Amino acid sequence: MSSNDREVEMSEQKVPHITYADDVDAEARPRTGARVSRRMSTDSMSIRSMSRQRSVDPSLVLPPAFRTMSFDVEQSKARNDAPVKGAPKGAQNDFSTYDLHTIPIEEVFQRFSSSPTSGLSIDQAMVLLRDVGLNKLTAPPSNWLMKTVTYLFGGFGSILFVAAIMVFVAWKPLGDPPALANLALAIVLVLVWLIQAAFSFWQDFSSGRVMASINTMLPDQAMVLREGNWSSVEGTKLVPGDVIKISMGNKVPADVRFFDVSSDARLDRSILTGEVKPLVATIKSTDTNFLETANIGLAGTNCTTGTLYGVIINTGDNTVFGKTARLTSHAKQGLTPLQKEIYIFVGIITALMVSMIILV
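Only a predicted model underlies this, so the values are computations on that prediction, with no experimental measurement involved.

Conventions adopted
Residues numbered from 1 in each chain as written. Predicted model: local features only at pLDDT ≥ 70, side-chain atom pairs only at ≥ 80, totals over all residues. Heavy atoms only, no water. Helix = DSSP H or I, 4+ residues; strand = E, 2+ residues; numbered from the N terminus. Buried < 20%, exposed > 50% of the residue type's maximum accessible area, 1.4 Å probe, protein only. Core = buried A, V, L, I, M, F, W, Y, C linked by side-chain atoms within 4.5 Å. Contact = heavy atoms within 4.5 Å. Salt bridge = Lys/Arg side-chain N within 4 Å of Asp/Glu carboxyl O. UniProt positions renumbered as here; feature names shortened; annotations may be inferred. Pairing = 2+ DSSP bridges.

Colleague: What is the right way to read the environment of Val162 from this model?
Modeller: Tracing the backbone through its elements, the reader meets Val162 in helix H7 (residues 157-171). Owing to a relative accessible area of 36%, Val162 belongs among the partly exposed residues under this scheme. As for Val162 and Val190, which are separated by 28 residues in sequence, their C-alpha atoms are 9.9 Å apart.

Pasting the structure below:
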């Protein structure tokens, strides 16, 4: 049965908004592909890295960012694709205008100059790899000089620093004779100043480890169809337009539009959505929201059962996985309400301190 026939057959059945494995009787559904073996995959696309010990668990930080992004996409569509106020550039608003999950699969292949039977040519893949870059997440830029200044002099740091200098001056040369109590107080203030800076550094460092943990979620290898031949290709060298095969136990290496799936194909999206139940994969769109439809495989998710064939539509930082990771690792713009309250309090304390110095 051809892919077109399968799409027609599936379009005749009613597809729910979101379908999970526990809600569907597999025996009652029409078959969309040949039965595949349930033998666990042992290649490098398997979920072996899931068991690695990580300093930061991505499943704890990614779902909130993903849900926020999905909600903003829904809001944007409700406003006739108007940009969502306050939405980070290059994240939510990009997916609100996506149509790669709703247009016919033939048009998807045309856009990427690819074919379901032969894939891309090797020359095409090399050109695309040079243009779009490697299929991996890039670490956010880090300005350590500015961060160090913030650690030392942000918030109460500046007050502690000035207070320590004043007490040192009170010890010497103003002290006559120098009072050891002033020296002890100055040393304590310096220690507190350094400790609060170290604490701020540790908090920032812990947040930065999220990206390092997330990078382990993408597979090292993938089965790719190029020039009509299947071969194992490094996951970082995948490009949009590549036709890939995802089997039971494999991780999805990039955002993929499915054009052929087995009847028992299931995807575990819990790393992004937090949903425990695996999602039933389809070749027809089940939602206008690109982030929620079942005919799209999202990078970093897992195939728990079945076999899926799809064409890559996003790689690297342009994937849903990459944009979600960016939201969790990039510094937020502007001050949070707590930071604003802290700076107001610091300003009040500073004003009182200066007033006391002038009056006394």
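Alright, that's what it looks like, and here's the rest.
Colleague: Explanation requested: the nonpolar core in the structure shown.
Modeller: Soluble globular proteins tend to pack their nonpolar side chains together in the buried interior. Core analysis: the biggest nonpolar cluster contains 26 residues, and Val108, Phe290, Ile313 and Phe321 have the highest contact counts within it. Of all the elements in the fold, those that place two or more residues in this core are helix H4 (105-111), helix H9 (270-273), strand S9 (308-314) and helix H10 (320-329). Excluding anything up to four places from it in sequence, Ile313 contacts Leu100, Val108, Phe112, Pro240, Asp255, Val256, Arg257, Phe290 and Ile296. Val252, Val256, Ile283 and Cys303 belong to the second largest nonpolar core, which has 18 residues in total.

Colleague: Hey, could you run me through the pattern of salt bridges in this one?
Modeller: Pairing between side chains becomes possible if they bear opposite charge and their charged atoms approach one another. Evaluated as defined, the whole model comprises four salt bridges. In this structure, Asp242 engages Arg226 in a salt bridge whose closest nitrogen and oxygen atoms are separated by 2.7 Å. Residue Asp242 is located in the loop between strand S2 (229-234) and strand S3 (243-246), and its partner Arg226 is located in strand S1 (residues 221-226); the two are separated by 16 residues in the primary sequence. Relative accessible area serves as the criterion here: at 15%, Arg226 is assigned to the buried category.

Colleague: Would you mind going over the UniProt feature "transmembrane region" (unreviewed entry) in the chain with me for this structure?
Modeller: Taking the UniProt record as the reference, the feature "transmembrane region" (unreviewed entry) is found at residues 149-171, 183-202 and 342-359. Taken end to end, residues 149-171 has its terminal C-alpha atoms 27 Å apart, with 87% of it in helix and 0% in strand. Split by type, residues 183-202 is 100% helix and 0% strand. Its first and last C-alpha atoms lie 29 Å apart.

Colleague: Which parts of the structure should I look at to understand unusual backbone geometry?
Modeller: Phi is mostly negative for residues that are not glycine, and the peptide bonds are mostly trans. The phi angle at Ser113 is positive, at roughly 50 degrees, despite the residue not being glycine. Summarising the element assignment, Ser113 is placed in the loop between H4 and helix H5 (122-132). A positive phi is found at Glu227, a non-glycine position, where the angle reads about 55 degrees.

Colleague: Can you help me understand the environment of Asp260 in this one?
Modeller: When you line up the elements, Asp260 lands in strand S4 (residues 255-261). Assessed through its relative accessible area of 15%, Asp260 is described here as buried.

Colleague: Whenever I open this one, the sheet that holds S4 confuses me. Can you help?
Modeller: A sheet is described by the order of its strands in space; here six strands give the open sequence S2-S1-S3-S9-S4-S7, paired in antiparallel fashion. Edge positions in the sheet fall to S2 and strand S7 (296-297), since each of these pairs with one other strand and no more. Two strands pair when backbone bridges link them, and S3 and S9 are joined in this way by four bridges, in the antiparallel orientation. Each bridged residue has a counterpart across the sheet, and for Lys245 the counterpart in S9 is Tyr309.

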